[in-house]
Amino acid sequence: MHVEQVGNIAVVRVVGEIDLANASRVGTSLAAAAAPESGLVVDLTGVTYIDSAGIGELFALAAQIRSAGGLAVVIPDGSPLHKLFKITAFDEAAPVCPTQDDAISILGPDTQT
């Protein structure tokens, strides 16, 4: 995982697979990256596979930081992950955006990359 700060928003790039073996660790790392009163962008562009444990961690994270700055997830258009996030209605828990810039704009309209 790579974390960068864009204004008051933490942007975390996740790569590889998120599954039962590592989902809890990924969720804990993402939660730690979310500072109080700031937003969190989780960029899944580099994720090749995610199972229900990984989706569950993202749902829990969305609920946890909703009252702070909020969560947005980046999944590029055409990604196989799109269907999974649509089926699970994740977009009702947090915005799903095609680019980091879109996600940052949603969470902090005054923040520039």
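Residues numbered from 1 in each chain as written. Predicted model: local features only at pLDDT ≥ 70, side-chain atom pairs only at ≥ 80, totals over all residues. Heavy atoms only, no water.

**Some thoughts on the packing of aromatic side chains**
Within the structure shown, the criterion is met by two aromatic pairs. Plain terms: the ring middles of Phe 59 and Phe 90 are 5.0 Å apart, the flat faces sit at 70 degrees to each other, and that makes the pair edge-to-face. Taken together, the positions of Phe 59 in helix 2 (residues 52–65) and Phe 90 in the loop between helix 3 (81–87) and strand 5 (96–97) put the pair 31 residues apart, joining distant regions of the chain. Judged by its relative accessible area of 29%, Phe 59 is partly exposed. In this structure Phe 90 comes out as buried when scored by relative accessible area, which is 0%. Summarising the aromatic geometry, the rings of Phe 85 and Phe 90 are spaced 5.2 Å apart at their centres and angled 80 degrees between planes, so their arrangement reads as edge-to-face. Taken individually, Phe 85 and Phe 90 each receive the classification buried, so the pair is uniform in this respect. These aromatic residues form a ring-pair network of at least three members: Phe 59, Phe 85 and Phe 90. (Phe/Tyr/Trp six-rings, centres within 6.5 Å; stacked < 30°, edge-to-face > 60°. Helix = DSSP H or I, 4+ residues; strand = E, 2+ residues; numbered from the N terminus. Buried < 20%, exposed > 50% of the residue type's maximum accessible area, 1.4 Å probe, protein only.)

**Some thoughts on the nonpolar core**
Residues Leu 40, Val 42, Leu 44, Leu 71 and Phe 85 are the most contacted members of the largest nonpolar core, which totals 27 residues. For this core, the secondary structure elements donating two or more residues are strand 2 (9–18), helix 1 (23–33), strand 3 (39–50), helix 2, strand 4 (71–74) and helix 3. Look past the residues within four positions of Val 42 in its chain and what remains in contact with it is Val 12, Val 14, Leu 30, Leu 58, Leu 61, Leu 71, Ala 72, Val 73 and Val 74. Residues Ile 9, Val 11, Ala 72 and Ala 103 belong to the second largest nonpolar core, which totals ten residues. (Core = buried A, V, L, I, M, F, W, Y, C linked by side-chain atoms within 4.5 Å. Contact = heavy atoms within 4.5 Å.)

**Digging into the sheet that holds strand 3**
Spatially, the five strands line up as an open sheet ordered 1-2-3-4-5, and their pairing is mixed. Both edges of this open sheet fall to strand 1 (2–6) and strand 5, since each of them pairs with a single strand only. Relative to strand 2, strand 1 is paired through five bridges, and the arrangement is antiparallel. Within the sheet, the bridge partner assigned to Glu 4 lies in strand 2 and is Val 11. Running over the sheet, helix 1 touches strand 1, strand 2 and strand 3 and is turned about 170 degrees from strand 2. Sitting on the sheet, helix 2 is in contact with strand 2, strand 3 and strand 4, with an inclination near 175 degrees to strand 3. (Pairing = 2+ DSSP bridges. Axes fitted to C-alpha atoms, helices over the stretch in contact; angles between N-to-C directions.)

**Comments concerning the pattern of salt bridges**
One pass over the structure, following the stated rule, counts two salt bridges. Arg 13 is the salt-bridge partner of Glu 4, the closest N and O atoms lying 2.6 Å from each other. Among the residues examined, Arg 13 registers a relative accessible area of 30% and is labelled partly exposed. Salt-bridge contacts for Asp 91 lead to Lys 86; the nearest nitrogen and oxygen are separated by 3.9 Å. According to the relative accessible area criterion, Asp 91 is partly exposed, its value standing at 37%. (Salt bridge = Lys/Arg side-chain N within 4 Å of Asp/Glu carboxyl O.)

**Re the packing of helix 1 against helix 2**
In contact at an axis separation of 9 Å, helix 1 and helix 2 are set at 25 degrees when each is read in the N-to-C sense. Regarding the angle of helix 1 to helix 2, the classification is roughly parallel. In the packing of helix 1 onto helix 2, the handedness of the crossing is right-handed. Contact residues: helix 1 offers Ala 23, Ser 24, Gly 27, Leu 30 and Ala 31, while helix 2 offers Ala 53, Gly 54, Glu 57, Leu 58, Leu 61 and Gln 64. (Parallel < 35°, antiparallel > 145°, perpendicular 65-115°, else oblique. Left-handed = near helix turned anticlockwise from the far one by under 90°.)

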